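Descriptive analysis of the structure
Each chain, letter by letter, is given below.
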Amino acid sequence: MFFLAQLPREAFGLTFLLFSLAFAGMLGLFFLAGEKNSFRNVLFAGLLLRLAVFPFVPQWSDDFVRFLWDGEMLKIGQNPYDQTPRDWQEGNFDPDNAYRNLLYNNLNSPDYYSVYPPLNQAIFWLGAKASMGSVSNGYLTLRLILLLGEIGVFVLLWKLLIAFQLPIKRIFWYWFNPLVVFEISGNLHFEGLVLLFLLASIWGIQKGKSGLSGGFWGLAIGMKLLPLMLGPAFLAFGKTRKSLWFWVGTGLATPISFTPLLIDASWINFLKSIQLYQGKFEFNASIYYLLREVGYWIEGYNTIALLTKILSLSTILLIGYFSWKRQPKTIIELVDLIVLIYLVYLILQPVVHPWYILPALGLSVIRGKMTVLLWSFGAIFSYQAYGNADFKEQSLFLILEYGLVVLGIYLDYFLKKIKPHRYIENIDDMLN
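Residues numbered from 1 in each chain as written. Predicted model: local features only at pLDDT ≥ 70, side-chain atom pairs only at ≥ 80, totals over all residues. Heavy atoms only, no water.

1. Some details on the overall build of the chain
Summing up its helical and strand segments, the chain has 23 helices and zero strands in all. Here the C-alpha atoms of the chain give a radius of gyration of 21 Å, agreeing with the 22 Å that 2.2 N^0.38 yields for 432 residues. For the chain, the residues scored as buried account for 55% of the 432 residues in total. Residue pairs in contact within the chain that sit at least 24 positions apart in sequence constitute 77% of those at least 6 positions apart. Per element, the accessible surface of the chain, about 18,900 Å² overall, is 67% carbon and sulfur. (Helix = DSSP H or I, 4+ residues; strand = E, 2+ residues; numbered from the N terminus. Rg over C-alpha atoms; globule rule 2.2 N^0.38 Å. Buried < 20%, exposed > 50% of the residue type's maximum accessible area, 1.4 Å probe, protein only. Contact = heavy atoms within 4.5 Å. Areas by Shrake-Rupley, 256 points an atom, 1.4 Å probe, with all protein chains shown as cover.)

Right, here's the structure in full:
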């Protein structure tokens, strides 16, 4: 992991080799571990893996540059939703501000308004305040915040596994997973904080604290927007559907999280960026790529504008259908439905970056499902595209990645050799 953190993402061959060894190490720990594990020892071992990547500049993603740019705008009193970086830089260029110019020159999206919600922006501001003119100070501060969030995820997962009387060693699937370590602690993506809030919401339900549960779900929405799609699941679950306090908590946390978007009508540019992102970009997709080929055959051009609308509508309908069909009666069944909703969303999206799967991976630890665990290995194949000058994806690697996903879906949802309820609760025994 220490050496992997120093590899540029273009070096796919060596990256794949070291990532595979790290993943094999995680599986080895899982299979060798007994039923009883020390909270302190497991926590320390996972922190050691994260500290191995801590000192190094993010190699697999340059999104952190935009994080620090947005934070810098806030630090100097500017609205990050008001202007694109290019527009702001052209009107305020300062040749003596080496830090700001360095950030601008390394941005991957200087012509787009910020797509990050206000809760993200607050953390970016902290990174900018701590930077003191140094990019490394900035990203190390963000990394420390995310590391603290990861400790929170570990504690909640541990407590929930104990509360539901599930094998503790399932936590290895997340805590020692190299994709988790590199995408959160390494590349500074905030899905770890989304997972933290979602787990806190589940914990709130388990403890009978409905208001806190709804509030944490609202914070998860405020962090990344995507958890909003879990609304049908909470409506289908009796304890949350009938709880006034759950919806009060959500109704307070969510609007407060997005209130800054009302300043200078920032929400207009924010929504423009989201719509542009959804209708223009494509990466590491599955169903979308198949439909795109059909579109080429019928229309002779890329029908992304139409396909994204069709797939978005299909996602909404399927989420509603599965929530209505499953009607979870227990918290475990609710978690199972949430994981399924994430799978539906990810499989139908035109853009699936590896870190998008991490909240579903953390939740699948509770449910014992294999699909996202297999995907957490297969996701490394998406980095093959960065080894090409034009970032061209190769069909072979997409087939390898999504072949693992299909295998996981078969194991989790179609395997009939073991009764479904027994398979779900005792998958660790089956693996052993």
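There's more to say after this.
2. A closer look at the side chain of Asp-70
Inspection of the secondary structure puts Asp-70 in helix 3 (residues 63-75). Residues within four places of Asp-70 in sequence aside, it is in contact with Pro-80, Ser-114, Tyr-116, Gln-121 and Phe-124.

3. Notes on the pattern of salt bridges
Pairing between side chains of opposite charge can happen when the charged atoms of each approach one another. If you walk through the whole model with that rule in mind, you get eleven salt bridges. The partner of Arg-66 in a salt bridge is Asp-70, with the nearest N and O atoms 2.9 Å apart. Within this pair, Arg-66 and its partner Asp-70 are both found in helix 3, separated by four residues, close to a single helical turn. Residue Arg-66 shares its accessibility class with Asp-70, and that shared class is buried. For the salt bridge of Asp-336 with Lys-369, the shortest nitrogen-to-oxygen distance reads 2.6 Å. Remark: Lys-369 occurs in the loop between helix 19 (358-367) and helix 20 (371-378) and Asp-336 occurs in helix 18 (residues 331-348); sequence separation between them is 33 residues. The two residues Asp-336 and Lys-369 agree in class, both being buried. (Salt bridge = Lys/Arg side-chain N within 4 Å of Asp/Glu carboxyl O.)

4. Concerning the environment of Lys-36
As for its placement among the helices and strands, Lys-36 is situated in the loop between helix 1 (12-32) and helix 2 (39-53). Judged by its relative accessible area of 82%, Lys-36 is exposed. With 133 residues separating them along the chain, Lys-36 and Lys-169 place their C-alpha atoms 8.0 Å apart.

5. Notes on a nonpolar patch on the surface
Nonpolar side chains collect at one region of the surface, where Leu-262, Trp-267, Ile-268 and Leu-271 lie side by side and expose about 390 Å² of accessible area between them. Checked against the element boundaries, Leu-262 lands in the loop between helix 14 (244-258) and helix 15 (266-280). Looking at Leu-262, the relative accessible area reads 64%, which means it is exposed. (Patch = residues over 30% accessible without salt bridge, like charges linked within 9 Å, V, L, I, M, F, W, Y side chains within 5 Å.)

6. Concerning helix 9 (residues 178-186)
An α-helical segment advances 3.6 residues per turn. Residues three or four places apart therefore align on the same side. Counting buried residues in helix 9 gives nine out of nine residues, a clear majority hidden from the surface. Turning to helix 9, its buried residues number three or more, namely Pro-178, Leu-179, Val-180, Val-181, Phe-182, Glu-183, Ile-184, Ser-185 and Gly-186. At the N-terminal end of helix 9, a side-chain oxygen is found 3.0 Å from the backbone nitrogen of Leu-179, two or three residues along, and the residue is Asn-177. Positive phi appears at Leu-188, one or two residues downstream of helix 9, with a value of about 65 degrees. (Polar contact = N/O pair within 3.5 Å; in protein donor to acceptor, adjacent residues only side chain to side chain.)

7. Points about the packing of helix 7 (residues 135-163) against helix 19
Running from N to C, helix 7 and helix 19 point in directions that differ by 25 degrees, and their axes come no closer than 9 Å. Considering the angle they form, helix 7 stands roughly parallel to helix 19. Where helix 7 crosses over helix 19, the handedness of that crossing is right-handed. Of helix 19, the residues touching helix 7 (which contributes Leu-157, Leu-160 and Leu-161) are Gly-362, Val-365 and Ile-366. For the contact of helix 7 with helix 19, the residue count by class is five nonpolar, one polar and no charged. (Axes fitted to C-alpha atoms, helices over the stretch in contact; angles between N-to-C directions. Parallel < 35°, antiparallel > 145°, perpendicular 65-115°, else oblique. Left-handed = near helix turned anticlockwise from the far one by under 90°. Nonpolar A, V, L, I, M, F, W, Y, C, P; charged D, E, K, R; others polar.)

8. Observations concerning the environment of Leu-199
With respect to the secondary-structure elements, Leu-199 resides in helix 10 (residues 191-206). Along the backbone, Leu-199 and Phe-381 are 182 residues apart, and their C-alpha atoms lie at a distance of 28 Å. Those residues in contact with Leu-199 that sit more than four places away from it in its chain are Val-153, Leu-156, Leu-157, Leu-160, Leu-363 and Ile-366.

9. Some remarks on the nonpolar core
Tyr-174, Leu-199, Leu-230, Ile-338, Ile-366 and Trp-375 are the most contacted members of the largest nonpolar core, which totals 133 residues. With 16 residues, the single largest contributor to this core is helix 18. Apart from residues no more than four positions distant in its own chain, Trp-375 is found in contact with Leu-343, Leu-346, Ile-347, Val-352, Ile-357, Glu-401, Tyr-402 and Val-405. (Core = buried A, V, L, I, M, F, W, Y, C linked by side-chain atoms within 4.5 Å.)

10. Looking at the side chain of Glu-72
Its location among the elements puts Glu-72 in helix 3. With near-sequence residues (within four places) excluded, Glu-72 lies in contact with Tyr-99, Arg-100 and Ala-128.

11. With respect to helix 14
The end-to-end C-alpha separation of helix 14 is 22 Å, in line with the 21 Å expected for 15 residues at 1.5 Å each. Turning to helix 14, its buried residues are Phe-246, Gly-249, Thr-250, Ala-253, Thr-254, Ser-257 and Phe-258. Along the long axis of helix 14, the arc covered by the buried residues comes to 130 degrees, so they all point the same way. Those residues of helix 14 that are exposed and angled more than 90 degrees off the buried face are Leu-244, Trp-245, Leu-252 and Ile-256. (Expected span 1.5 Å × (residues − 1). Arc of directions from axis to C-beta.)

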